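# Geometric and topological summary
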Amino acid sequence: MPRRPKTSRPEPADVAAQLLLCHGASALCVYDAQDRITRWNARYPEFFPEVAPLLTVGLHFVETVRPFLRLQHPDASAQEIEEGVAAALRRHRALEGPVRYQRADGGRWLELRMFPQPDGGRIKIWNDVTAEQQAGAAAGDRGMLELLTVAHVGLIVHDVQGRLLYSNARYFSEMFLHVLTALPDVRTRGTHAAFWRQFAEIFGGDPAYEALCGLPGGGRLPRPVTLQARTGHWFRIAEEDWRGGVASVWTDVTDLMQRGQALQAAYGEVMALNAQLRDRAETDSLTGLPNRRHFESVLSRAQRAVDEGARHAVAVVDIDRFKSINDRFGHDVGDRVLTEVGRCMRTALLPGDVLARPGGDEFAIVLQDAGLDEAAARARTLCAEVERLSLPGTADQAIRTSVSVGVAALRALGDPAETMREADLAMFEAKKAGRNRVGVAG
Ligand SMILES: Nc1nc2c(ncn2[C@@H]2O[C@H](COP(=O)(O)OP(=O)(O)OP(=O)(O)O)[C@@H](O)[C@H]2O)c(=O)[nH]1
């Protein structure tokens, strides 16, 4: 469905007026700050026939009251009429909540609402509630409707033909405006079905609103929906069958949604912190390599893979005569040597190999996809790379170092700790044989 251009957005107050201009069931009259009539809809003169012949833009409120009072009180003096007019003007200006009254001529029962406008003027809306008032059975509903007038939900009821029957002040003054500011043309479409149809047209393409587009003929929502108006407010809308028509209840859930989002953000932060803690618990802080704990879980995984047919080997690496580096250059330089040897070996290994620093000047490796020969060859590469490493010790003296390595192959259904001990022994053999070399277990 094509979207309508949203360039000529009406002002909320204007939209409010438009809404009632189109809803046949209500009379609407707009007054400026000086209580002069600026707009009205077709129902207004129908509701107030005595005003009809006078109606012009700029007609003052009191001019609408005077003829009515004269009609109702033909024997009243001019002063009494003027007192009545003044009282009516005071009520007009002081009106706040909805008022339900019967016209003094004994005709319609009306429910009057006033919506103050930013320019100091006001919109007055009258609903004809005669039928409801007269139906004895409706007495209970009336109480309920009065309750809903002050409730924190928006309520709108459409009759069996889909025409607006009732809307409480909250729905109209607060909630509907959030949506209506985005609806450019409500004038020609007054029914419930038309509302949803237009709603779908405007918001089509947005998944939250797509659900609404699927309504058959704009009929009642099959289940409640929560959606965000273009103003940022969130609404939960639930619709129920009501005497052949539809009752729609709009609840502003902005607060709830914002709290939910804040909660979700906090949950995300906690999860990120947990991940950080887990990382820290498994990382050697000096070299950034996996620590003993991490290595043990990698070793167990490698053993399980070998049990299932893979070929992996392990290696134990020990820096040669590391104590003397510490003694000659200090502990800080010793630390840097550990870090650099670690970095050098990491670069020399294959990406799938896992290099860890379990502690001291010792490293441990799981060599992926390697039998004993392959493992020994990769270990010899490590020795050669570390031997080439040159690190600044003092101003005039570079540090050269080497490593001794022991390798062993993981055996299917074997004990990985036992294999590590074998690699350790092979490393000691390499040390005994003169260092800077590889010992092979078995
Ligand atoms: N700078 C530094 N030194 C450490 C660290 N952990 C252990 N060491 C030192 O590393 C040295 C290990 O020495 P050994 O393995 O006993 O012997 P070596 O000097 O390496 O000699 P060989 O192993 O026989 O070649 C000890 O002096 C420890 O104090 C560390 O985190 N930083």
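We now turn to the structure provided with this report.

Cut-offs and rules
Residues numbered from 1 in each chain as written. Predicted model: local features only at pLDDT ≥ 70, side-chain atom pairs only at ≥ 80, totals over all residues. Heavy atoms only, no water. Pairing = 2+ DSSP bridges. Helix = DSSP H or I, 4+ residues; strand = E, 2+ residues; numbered from the N terminus. Axes fitted to C-alpha atoms, helices over the stretch in contact; angles between N-to-C directions. Buried < 20%, exposed > 50% of the residue type's maximum accessible area, 1.4 Å probe, protein only. Near = heavy atom within 4 Å. Polar contact = N/O pair within 3.5 Å; in protein donor to acceptor, adjacent residues only side chain to side chain. Areas by Shrake-Rupley, 256 points an atom, 1.4 Å probe, with all protein chains shown as cover.

To continue, consider the sheet that holds strand 2 (residues 37-40). Strands sit in the order 2-1-5-4-3 across an open sheet of five strands; the sheet is antiparallel. In this open sheet, the two strands that pair with only one neighbour each are strand 2 and strand 3 (99-102). Taking the axes of each pair of neighbouring strands and ignoring which way they run, one obtains an average angle of 25 degrees across the sheet. Pairing analysis gives seven bridges linking strand 4 (residues 109-116) to strand 5 (residues 122-128), with the strands arranged antiparallel. Along strand 5, the bridge assignment pairs leucine 110 with aspartate 128.

Turning to the pairing of strand 12 (residues 354-359), a few remarks are in order. A regular strand carries its side chains on alternate faces of the sheet. Burial analysis of strand 12 places five of its six residues in the buried class, the great majority of the element. With four bridges joining them, strand 12 and strand 13 (residues 362-367) adopt antiparallel strand pairing. By the bridge assignment for strand 13, leucine 355 is matched with isoleucine 365. From the end of strand 12 to the start of strand 13, which pair antiparallel, there are two residues, and glycine 360 there has a positive phi angle of about 55 degrees.

Right, let's talk about the site of the ligand for a bit. Among the 16 residues in the neighbourhood of the ligand, the closest are listed as Arg321, Lys323, Asn326, Asp335 and Arg357. For the ligand, a nitrogen atom lies 3.2 Å from a polar atom in the backbone of histidine 331. When isolated, the ligand has an accessible area of 660 Å², and the protein chains bury 65% of it. Those elements giving two or more residues to the shell around the ligand turn out to be strand 11 (313-319), helix 12 (322-329) and helix 13 (331-348).

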